[in-house]
Amino acid sequence: MAAGGPRLPDTVLFEIFLYLDHADVLSVGLVCQQWRAVARDEFLWKELFYRYYRVSRDVPRHPAAVSWYDEFQRLYDTIPCVEVQALKEHNDQVLHLSFSHSGCLFASCSKDCTVKIWNNELDISLQHSSNMRPYNWSYTQFSQFNSDDSLLLVSGVFVGPHNSSSGEIAVISMENFTLLSRVRNKPYDVFGCWLNETNLISGNLHRIGRITSCSVLWLNNAFQGIESENVNVVKRLFKIQNLNASTIRTVMVADCSRYDSPDLLLDYEEQLAASSACPVFDLGSDSEEEEAKPKQPPEPAVQELLDAGGVPAEDGLQQFFDDIMGGRMRPAMTDTELETKVAELFVRNRTKPPEPNLLPTDSNSKTKYLIFTTGCLTYSPHQIGIKRILPHQMTTAGPVLGEERRSDEFFDSLDHVIDIHGHIIGMGLSPDHRYLYVNSRAWPRDCIISDPMQPPPIAEEIDLHVFDLKTMKEVKRALRAHRAYTPNEECFFIFLDVSRDFVASGAEDRHGYIWDRHYNICLAKLQHDNVVNSVAFSPVEQELLLTASDDTTIKVWRSPRAVRIRQARRPRPRKLLFSWLMNQKS
């Protein structure tokens, strides 16, 4: 527009903005004299924001935002969507990424059976690589730094006698990269996690029947001699019965101490905390009333059998067998149904009751939650189990092997269960541990599972659910954009990560995805040449994101703003001085 030319009405200029590319909208100020006025027009930028990002008008502005213009610019300028480096030191699929708490290092695990430690500098470089094949590992699959970054937990798949596969956890010192200890971990997709600086959690699985088993979760001291891995310094945390071929997998620990001061409050209306009851929330239901119903007994017919004649619970198993022998059980049950009913009756009076008042009431509480995937209908993980870990349980000292429980308390019950109504393929905690993000592939609505070895078909769309661990309620509508294609029996874990403002996830459609946590919108797709297995935000710089793929590469992504700053720091060639010198010589 020429100086002194006709002035476009704001409404016309605004409509032009709506059809411009996002980058053009932000750079239009360089050529438009009216920019100063328009850039500060809150009404125009609010309208532009809601229309451009297709955000519901019920969603308020981000609580930390100063203006709608600044918020529009934040979502353009601070998303880590610019590829700045590709790391190709792995020679097979890269499965997992994890940052140290300081952000100075990160670790990568791969099908090439190495765990690599990287320096997170301006240009990322490899610092160390540990090959786990000498310990009979097939591959490394997961890693996690302890709270002071002095130790690294590495989880992998271990090849045992007769080529049987199980899991194993190794602890590596970050001081000199020596292997400190190894702990068996079964099944291997328990992964393992740190409880505190020196103690880690592993799993074991004991088969009871064809579809019935018992999962035991162990607390292990990290400092164990390598030669004595079969004589671990351990303490049993929990022993939980599994029905219908389900098992406990994917354990993680949430710290309750920051629940009253989260980084970002996702509930717009700040709903009151739920009651301390232990409900199950079925994400396949159609109404809030249905979701709020308390958990029903898994087998009502068995409960009626025990209650109808006033038979004591301890005699229920005998009466059950008597009814079978007397032909009073109709219709006839399959072997699978019979095993499940017998297991339920056996465990009814042999389980330690759940802890009362699961929800934390004290912001200074030292309570932690053990969170894991589980199930009750089929082998595919479709529920999230939550078990409170009390302060006296956070050390290997004290009673071991269940000596603190009564002789009739053979199993531990879950304190809380969340039903996802689909196959869970990923979980991640927000940095403040207030919110749990869950990747799942939904089952068909109203599906009925008659055979635990034949779970329902799963959707290609991945749903990203969000749960508030303070209230145990789902607080956002499921995010969608990413997809997966493998069937139930081949389905694998896709790791996600959460920063202060964003959540990212891999997918089988050869992309990583980034969403805004507050507005619930997808902001970026990050391309690879194959499945994206894992993503990781820097804990100190959310404008830095890593993605790991089956294409054997780790890609480094930074925000447009970080790229500009990074380029400004690099020395530029002094072209003008060089030209002047050449002219002088001529």
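The chain goes by FBXW5 protein in an unreviewed UniProt entry, where it is assigned to Oxyruncus cristatus.

A. A look at the overall build of the chain. Looking only at helices and strands, one finds 11 helices and 30 strands in the chain. Looking at the 586 residues of the chain, the share that counts as buried comes to 52%. Within the chain, counting contacts between residues at least 6 apart in sequence, those at least 24 apart form 60% of the total.

B. The arrangement of the nonpolar core in detail. If you look at the biggest cluster of nonpolar residues, it comprises 18 residues, and the most contacted ones within it are Ile 371, Ile 384, Leu 436 and Leu 469. Those elements that place two or more of their residues in this core are strand 14 (249–255), strand 16 (368–374), strand 17 (383–389), strand 20 (422–429) and strand 21 (435–442). Excluding its chain neighbours within four sequence positions, the residues that come into contact with Ile 371 are Thr 250, Val 251, Met 252, Ala 254, Ile 384, Gly 385, Ile 386, Met 427, Leu 429, Leu 436 and Leu 469.

C. Representation of the UniProt feature "repeat: WD" (unreviewed entry) in the chain. Within this numbering scheme, the UniProt entry marks residues 87–119 and 525–557 as carrying the feature "repeat: WD" (unreviewed entry). For the annotated span residues 87–119, helix accounts for 0% and strand for 58% of the residues, and the straight-line distance between the end C-alpha atoms is 12 Å.

D. Structural view of the pattern of salt bridges. Going through the model one piece at a time under the given rule, you end up with 19 salt bridges. Salt-bridge contacts for Glu 71 lead to Arg 74; the nearest nitrogen and oxygen are separated by 2.8 Å. Taken together, the residues Glu 71 and Arg 74, both in helix 5 (residues 68–77) and 3 residues apart, mark about one turn of the helix. Overall, Glu 71 belongs to the buried group, its relative accessible area being 2%. With relative accessibility at 16%, the residue Arg 74 sits in the buried group. The residue Glu 541 makes a salt bridge to Arg 558 at a minimum N-O spacing of 3.6 Å. Taken as a pair, Glu 541 in strand 29 (residues 541–549) and Arg 558 in strand 30 (residues 554–558) lie far apart in primary sequence, 17 residues in all. Classification of Glu 541 by relative accessible area gives partly exposed; the value is 31%.

E. A look at the sheet that holds strand 14. Ordered by their spatial adjacency, 4 strands build an open sheet running 14-16-17-19, and the pairing between neighbours is antiparallel. Since the sheet does not close on itself, it has two edges, and those belong to strand 14 and strand 19 (416–419), each with one partner. Neighbour-to-neighbour, the strand axes of this sheet turn through a mean angle of 20°, independent of strand direction. The pairing of strand 14 with strand 16 spans 5 bridges and is antiparallel. Within strand 16, the position partnered with Val 253 by the bridge is Leu 370.

Quick notes on the rules
- In this convention, every chain numbers its residues from 1, walking through the sequence in written order.
- In view of the model being predicted, local features appear only for residues whose pLDDT reaches at least 70, and side-chain atom pairs are presented and counted only at 80 or more, with totals across whole chains, interfaces and linings using the full set of residues.
- Note that the side-chain values use all heavy atoms of the structure and ignore hydrogens as well as water.
- Elements are defined by DSSP. Helices are runs of H or I of four residues or more, strands are runs of E of two residues or more, and each kind is numbered from the N terminus.
- Whether a residue is buried, partly exposed or exposed follows from its accessible area with a 1.4 Å probe, protein chains only, as a fraction of its type maximum: under 20%, in between, or over 50%, in that order.
- Contacts: residue pairs with any heavy atoms within 4.5 Å of one another.
- By convention a nonpolar core is built from buried Ala, Val, Leu, Ile, Met, Phe, Trp, Tyr and Cys residues, the set being connected through side-chain atoms within 4.5 Å.
- UniProt positions are given in the numbering used here, feature names are shortened, and annotations may be inferred rather than shown by experiment.
- By convention in these notes, a salt bridge is any Lys or Arg side-chain nitrogen within 4 Å of a carboxyl oxygen on Asp or Glu.
- DSSP bridges decide pairing: two strands pair if at least two such bridges lie between them.
- Here, axes are lines fitted to C-alpha atoms. For helices the fit covers the stretch in contact, and angles between N-to-C directions go from 0 to 180 degrees.

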